[in-house]
Amino acid sequence: MAPIRKPTLAVYKFSSCDGCQLSLLNMEDELLELAENVEIAFFLEARRRIQPGPYDIGLVEGSISTRGEIDRIKEIKQDCRVLIALGTCATSGGVQALRNFGDLESFTQSVYPHPEYIHALPSSSPINEHVQVDIELWGCPVSKNQVLEVIAGQLHMRRPILPGYSVCLECKRRGNTCVIVASGSSCLGPITRAGCGAICPSVNRGCYGCFGPLQEAEIDAMIPVLKATEQYAGEAINLLRTISGNAPEFREAVETLLGAEEI
Ligand code: SF4
Ligand code: SF4
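These lines cover the structure that appears in this document, whether it is placed above or below. (Residues numbered from 1 in each chain as written. Chains lettered and ligands numbered in written order. Predicted model: local features only at pLDDT ≥ 70, side-chain atom pairs only at ≥ 80, totals over all residues. Heavy atoms only, no water.)

Regarding the sheet that holds strand E3 (residues 55-61)
Sheet architecture is open: five strands sit in the order E2-E1-E3-E4-E5, paired in parallel fashion. Each edge of the open sheet carries a strand with a single partner, namely strand E2 (39-43) and strand E5 (135-137). Looking at each pair of strands side by side, their axes are set apart by 25° on average, direction ignored. Strand direction decides the pairing type here: strand E1 (residues 8-13) and E3, joined by five bridges, are parallel. (Pairing = 2+ DSSP bridges. Helix = DSSP H or I, 4+ residues; strand = E, 2+ residues; numbered from the N terminus. Axes fitted to C-alpha atoms, helices over the stretch in contact; angles between N-to-C directions.)

Spelled out as structure tokens, the structure:
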């Protein structure tokens, strides 16, 4: 009897810090079991051997920040049966999308001694702006449990079960004292999707939304709270424009805040 073919997995990197790929490598207990169930066919950060595509599952880390990346993601899309955007760079543009609210040329001139060597697009964009994405996993970095759940879903041909609630719920489960109530600090927990286990409020710091906007969240209702808890003028806008700032829901909230300032 011919051996059963394992599904193949490819991991790709675009503009990013590599943190989400490292989250995969940090799955110390689960990585061997994963390798028993899927063939890790392309993962440059983990192994030198490359199996040619097409692949069953493609995990894409990073945002589209250069012209070459636009062409490459289109080729990768052709090579993967299921394409999964991995982490907040891939789902919204990431922290490098801060340039979307400024001017790339002035940034490169301030930072680099030879800005003429930088060939970047004026904005950083998520993968789904360029090709159709099957599943999006937010987080900076992603939660390893969510990655495993998504891969298990593929192996068992079912939809992944991902939390549809906010960071606040995880925060309450941990028994944290709310930083908004206790110290009047800003926190995006009520409008941010769960997944991290409420890391920041657990060390007495407000959430800055790195798992992206919760789909069903009443962001408009949160705006007055964000304004009321500002420690300095403009803090609410800066908070919304941090890691997930290019997400449409957070962009819209910033527009509302800017509109209110103009009145
Ligand atoms: S600290 Fe933040 S995440 Fe925790 S309950 Fe308060 S608002 Fe929600
Ligand atoms: S609490 Fe918020 S900012 Fe901190 S890791 Fe979780 S989602 Fe990210």
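Re the site of ligand 1
Around ligand 1, the surrounding shell consists of Val 167, Cys 168, Cys 171, Lys 172, Cys 178, Val 179, Ile 180, Cys 187, Gly 189, Pro 190 and Pro 201. The residue makeup of the shell around ligand 1, split by class, is nine nonpolar, one polar and one charged. (Near = heavy atom within 4 Å. Nonpolar A, V, L, I, M, F, W, Y, C, P; charged D, E, K, R; others polar.)

Things to note about empty space enclosed by the protein
Gaps between atoms show up when a probe of the same size as a water molecule is rolled over them. Under the defined criterion, the tally for this structure stands at one cavity of 30 Å³ or more. If you add up the space inside the largest cavity, you get close to 50 Å³. Lining the largest cavity are Leu 9, Leu 24, Leu 31, Leu 34, Ile 40, Phe 43, Leu 59 and Ile 151. Of all the elements in the fold, those that place two or more residues in the lining of the largest cavity are helix H2 (31-37) and E2. Grouping the amino acids of the lining of the largest cavity by side-chain chemistry returns eight nonpolar, no polar and no charged. (1 Å grid on protein atoms, 1.4 Å probe; cavity = no way out; pocket = protein on both sides within 12 Å on 5 of 7 lines; lining within 4 Å. Points joined across faces, edges and corners; volume = space filled by probe spheres on them.)

Some remarks on the layout of surface pockets
Here the largest pocket is characterised by a volume of approximately 250 Å³. In terms of lining residues, the largest pocket is bounded by 18 residues, among which Cys 140, Cys 196, Ile 199, Cys 210 and Phe 211 are the most central. When residues of the lining of the largest pocket are assigned to their parent elements, the largest contribution, three residues, is made by helix H9 (residues 199-202). Grouping the constituent residues of the lining of the largest pocket by class yields twelve nonpolar, four polar and two charged.

A look at the site of ligand 2
Contacts to ligand 2 come from Thr 192, Cys 196, Cys 200, Pro 201, Cys 207, Tyr 208, Gly 209, Cys 210 and Phe 211. Put simply, ligand 2 lies in the largest pocket. Its residues assigned to classes, the shell around ligand 2 shows seven nonpolar, two polar and no charged. (Sits in = over half its atoms within 2 Å of the grid points.)

Here's the deal with the nonpolar core
Core analysis: the biggest nonpolar cluster contains 22 residues, and Leu 188, Ile 191, Ile 219, Leu 226, Leu 240, Phe 250 and Leu 257 have the highest contact counts within it. When residues of this core are traced back to their parent elements, those giving at least two are helix H7 (167-173), helix H10 (219-228), helix H11 (235-240) and helix H12 (248-262). Beyond its immediate chain neighbours, meaning those up to four positions away, Ile 191 contacts Gly 212, Pro 213, Leu 214, Ala 217, Glu 218, Ile 219, Met 222, Leu 240 and Phe 250. Counting residues in each nonpolar core, the second largest holds 20 residues, with Leu 9, Cys 20, Val 82 and Ile 135 among its members. (Core = buried A, V, L, I, M, F, W, Y, C linked by side-chain atoms within 4.5 Å. Buried < 20%, exposed > 50% of the residue type's maximum accessible area, 1.4 Å probe, protein only. Contact = heavy atoms within 4.5 Å.)

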